[in-house]
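Residues per chain are reported as follows:
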Amino acid sequence: MPQAFSTLSLSQEMIDNLNQLNYTEMTPVQEESLPPILERMDIMAQAKTGSGKTAAFGIGLLHHLDVKELKVQAAVICPTRELSEQVANELRRLARFTSNIKILTLVGGEAVYPQKVALEKGVHIIVGTPGRIMDTITKGHLDLANVKTLVLDEADRMLDMGFHDDIAAIIKFTPKHRQTLLFSATYEDETKRLSKKFQLQPEFIHITSDADETTIRQSFYTVHEDDKVELIDGLMAQAELESCIIFCNMKLTCDEVAKELHYRGYDVASLHADLDQKERNEVLTMFSNKSLNVLVATDVASRGLDIKELPAVFNYDIPHQAEIYVHRIGRTGRMGQEGLAYTFVGAKEGKFVEAISKYTEERITLKSPPDLNSNKKFTRTAPMKTLKILAGKKDKLRAGDFVGALGGILGFKGDDVGSISVVDRFSYIAIKKELMNKVELKDDRLRVKKKNYRYIKL
């Protein structure tokens, strides 16, 4: 039976905040890792994305934080910009139990000067990618001499991406007597070597695959290339899936699949390396706020994705590495919810199935595609549309400001508006699709806090 967070030696303020966040019972990785983390032990935890690992290390490092000491006391290293931002946002939620905890994200694609200014004013926690963190240290802007807790999140992915040298260099700037928390979905030889080199007698935590087997239903189908999109459409309708991610091995395939699904009525977008950072962020925002219901992605572009409540993953192309397969399907079946993972296998791709079977230690049965009811009624469109406001945090705007503005001007009620994402220069508001046509304002401008801001319907 899951244990409550209240059984841990945490402050009452933190327990109250966790209750407000609906964090009452611990997930398996939290239950296993938090006691040694709170005892300041090193841990090596093998747990997939969506297991609750961010809250595990987040609660631990916040517990040990001295708010009065305005120095970098914790550093979290992540493989991608997207994951860094997600981790930082989760830490900010967990840190609401007290005021004035300063958390800074250090990632590429952002201006260096504001990060430098923030560090000069004082920061408690930094979260970022190896390259930008190392660059900030080299420029003399970042001092890690007071770090109490170092977190290596998705260590296996960082090693896959060639970040070993940067990680090693960063660690040299931290105190020898620190707590090091290493989280990884897989436990390969290189990850073991990293642990052995930089951790002191770590507690090894392995969350068994029993839970994974019950939460992710995996199906492998032998499919001809020309029939794959038809099969995706049929399986989506059969399971009445609200959304999914489709993984392809090449950028060109992503665009072709997205185009075909668009013709079939889906709200779909591609996510691959040809998109610049701004375009990637917009696609991810629209997928998260349910303005897109299908994302077609390559592995490189999707690293670090943390999409909540994803019902299904399709492997349009079977991955050529078993580790990648594990990462792909780990996007679904999260936090105890059942997920579906469909993998399409070509006539000459049996060796990849065998590799996955050996790696996961699971027996895989290749099946012919099921008979699907092509006449079944199924809503292929996403429920929301996105309104992009050309103003954001730099204009001192918050999500609540837009709710008030849309309610006052257009009469929208609370449940008419979905997720609102406010970034430095832009804001993205999800609005029920059937209500988007009501947004017709003079000069395409929305009045917020006594100022008019331009908007675009995406």
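Up top is the structure.
Given the structure is predicted, the values throughout are model-derived calculations rather than measurements.

1. Remarks on the overall build of the protein
Phase 1 of the analysis: Broken down by element type, the protein carries 17 helices and 19 strands.
Phase 2 of the analysis: Scaling as 2.2 N^0.38, a compact globule of 458 residues should have a C-alpha radius of gyration of about 23 Å, and the protein matches this with 23 Å.
Phase 3 of the analysis: The principal-axis extent of the C-alpha atoms belonging to the protein is close to 65 × 60 × 45 Å.
Phase 4 of the analysis: A total of 458 residues make up the protein; the buried ones form 52% of that total.
Phase 5 of the analysis: Restricting to contacts in the protein with at least 6 residues of sequence separation, those with at least 24 account for 76%.
Phase 6 of the analysis: Charge centroids of the protein, computed over 63 positive and 64 negative side chains, lie 7 Å from each other.

2. Regarding the packing of helix 2 (residues 28–38) against helix 3 (residues 53–63)
When two helices pack together, their arrangement is given by the angle between the helix axes and the distance between those axes.
Phase 1 of the analysis: One way to put it is that helix 2 packs onto helix 3 with a least axis distance of 9 Å and a crossing angle of 20 degrees. Regarding the angle of helix 2 to helix 3, the classification is roughly parallel. The handedness of the crossing between helix 2 and helix 3 comes out as right-handed. Contact residues: V29, Q30, S33, L34, I37 and L38 in helix 2; K53, A55, A56, F57, I59, G60 and H63 in helix 3.

3. Quick look at a negative patch on the surface
Phase 1 of the analysis: A cluster of like negative charges, contributed by D226, D227, D255, E256 and E260, occupies part of the molecular surface.
Phase 2 of the analysis: If you trace the backbone, D226 turns up in the loop between strand 8 (216–222) and helix 11 (228–239).
Phase 3 of the analysis: On the basis of relative accessible area, D226 is assigned to the exposed category, the value being 64%.

4. Brief notes about the nonpolar core
One broad trend across soluble globular proteins is that nonpolar side chains are buried collectively.
Phase 1 of the analysis: Counting 36 residues, the largest nonpolar core has I59, L62, V76, I125 and V127 as its most contacted members.
Phase 2 of the analysis: Of all elements in the fold, only helix 1 (12–20), helix 2, strand 1 (43–46), helix 3, strand 2 (74–77), helix 4 (81–94), strand 4 (125–128) and strand 6 (179–184) reach the threshold of two or more residues within this core.
Phase 3 of the analysis: Beyond its immediate stretch of four places on either side in the chain, L62 contacts M14, L91, L94, A95, F97, I101 and I125.
Phase 4 of the analysis: By size, the runner-up hydrophobic cluster in this structure holds 28 residues, among which are V123, I137, A155 and L182.

5. Here we look at the pattern of salt bridges
Phase 1 of the analysis: Summed over all chains, the structure comprises 19 salt bridges.
Phase 2 of the analysis: A salt bridge links E282 to K278; the shortest N-O distance between them is 3.9 Å. Here the residue E282 and the residue K278 both occupy positions in helix 13 (residues 277–288), the gap between them amounting to four residues, near one helical turn.
Phase 3 of the analysis: With a relative accessible area of 13%, E282 lands in the buried category.
Phase 4 of the analysis: Given the relative accessible area of 42%, K278 is considered partly exposed.
Phase 5 of the analysis: One salt bridge connects D401 with R398, and the closest N-O pair in it is separated by 4.0 Å.
Phase 6 of the analysis: Linked by salt bridges that have partners in common, E230, D233, R264 and R380 make up one network.

6. Regarding unusual backbone geometry
Phase 1 of the analysis: The backbone of R40 shows a phi angle near 65 degrees, a positive value even though the residue is not glycine.
Phase 2 of the analysis: You can see R40 is positioned in the loop between helix 2 and strand 1.
Phase 3 of the analysis: For R40, a relative accessible area of 47% corresponds to the partly exposed category.
Phase 4 of the analysis: Positive phi, normally seen in glycine, also occurs at K290, with a value near 70 degrees.
Phase 5 of the analysis: Inspection of the secondary structure puts K290 in the loop between helix 13 and strand 11 (294–297).

7. Some words on the state of the cysteines
Phase 1 of the analysis: Under the defined criterion, the tally for this structure stands at zero disulfides.
Phase 2 of the analysis: C254 provides the cysteine sulfur closest to C248, a residue in no disulfide bond, and the two sulfurs are 4.2 Å apart.
Phase 3 of the analysis: Judged by its relative accessible area of 0%, C248 is buried.

8. Points about the side chain of T253
Phase 1 of the analysis: Examined against the element boundaries, T253 turns out to sit in helix 12 (residues 251–263).
Phase 2 of the analysis: Residue T253 is classed as buried on the basis of its relative accessible area, which comes to 10%.
Phase 3 of the analysis: Here T253 is in contact with C248, Y316 and D317, once residues within four sequence places are set aside.

9. Quick look at the environment of S427
Phase 1 of the analysis: Relative to the elements of secondary structure, S427 occurs in strand 17 (residues 427–432).
Phase 2 of the analysis: A C-alpha to C-alpha distance of 5.0 Å links S427 and I389, two positions 38 residues apart in sequence.
Phase 3 of the analysis: A polar contact is formed between the side chain of S427 and the backbone oxygen of A391, at a distance of 2.7 Å.

10. Things to note about the packing of helix 8 (residues 164–172) against helix 9 (residues 189–198)
Phase 1 of the analysis: Their axes nearest at 12 Å, the elements helix 8 and helix 9 cross at an angle of 10 degrees. When the axis of helix 8 is compared with that of helix 9, the two are roughly parallel. Along its contact with helix 8, which presents H164, I167, A168 and I171, the element helix 9 presents E190, L194, K197 and F198.
Phase 2 of the analysis: For the contact of helix 8 with helix 9, the class distribution of residues is five nonpolar, one polar and two charged.

Thresholds applied
Position numbers for residues start from 1 in each chain and track the written sequence from start to end. Totals for whole chains, interfaces and linings use all residues, but because this is a predicted model, local features are given only for residues with pLDDT of at least 70 and pairs of side-chain atoms are given and counted only at 80 or more. To obtain the side-chain values, all non-hydrogen atoms of the structure were used and water was disregarded. Helix and strand definitions follow DSSP, with helices as H or I runs of at least four residues and strands as E runs of at least two, each counted in order from the N terminus. Between the two quantities, the radius of gyration covers C-alpha atoms and the globule rule is 2.2 Å times the number of residues to the power 0.38. Any residue under 20% of the maximum accessible area for its type is buried, any over 50% is exposed, and the rest in between are partly exposed; the area is computed with a 1.4 Å probe on protein chains only. Contacts are assigned to residue pairs that have any heavy atoms within 4.5 Å of one another. When charges are counted, Lys and Arg are positive and Asp and Glu negative, with His and the chain ends excluded. A charge is said to be at NZ when it belongs to Lys, at CZ for Arg, at CG for Asp and at CD for Glu. Only the contacting stretch of a helix is used when fitting its axis, a line to C-alpha atoms as for every element, and angles between N-to-C directions run 0 to 180 degrees. In these notes the angle categories are as follows: under 35 degrees is roughly parallel, over 145 is roughly antiparallel, 65 to 115 is roughly perpendicular, and the rest is oblique. Each crossing is labelled by how the near helix is turned from the far one, with a counterclockwise turn of less than a right angle marking it left-handed and a clockwise turn marking it right-handed. Two joining distances apply to patches: 9 Å for like charges and 5 Å for nonpolar side chains (Val, Leu, Ile, Met, Phe, Trp, Tyr), and every residue must have over 30% relative accessible area and no salt bridge. Accessibility throughout is a Shrake-Rupley quantity obtained with a 1.4 Å probe, and a residue counts as covered only by protein chains that appear here. Salt bridge criterion: a side-chain nitrogen from Lys or Arg within 4 Å of a carboxyl oxygen from Asp or Glu. Within this scheme, the nonpolar core is defined by two criteria: the residues are buried Ala, Val, Leu, Ile, Met, Phe, Trp, Tyr or Cys, and they are joined through side-chain atoms within 4.5 Å. For this text, the term disulfide refers to a pair of cysteine sulfurs within 2.5 Å. Polar contacts, as used here, are pairs of N or O atoms within 3.5 Å; protein pairs need one atom able to donate a hydrogen and one able to accept it. Residues neighboring in sequence count only if both atoms are side-chain atoms. Only Asp, Glu, Lys and Arg are considered charged, only Ala, Val, Leu, Ile, Met, Phe, Trp, Tyr, Cys and Pro nonpolar, and every remaining residue, Gly among them, polar.

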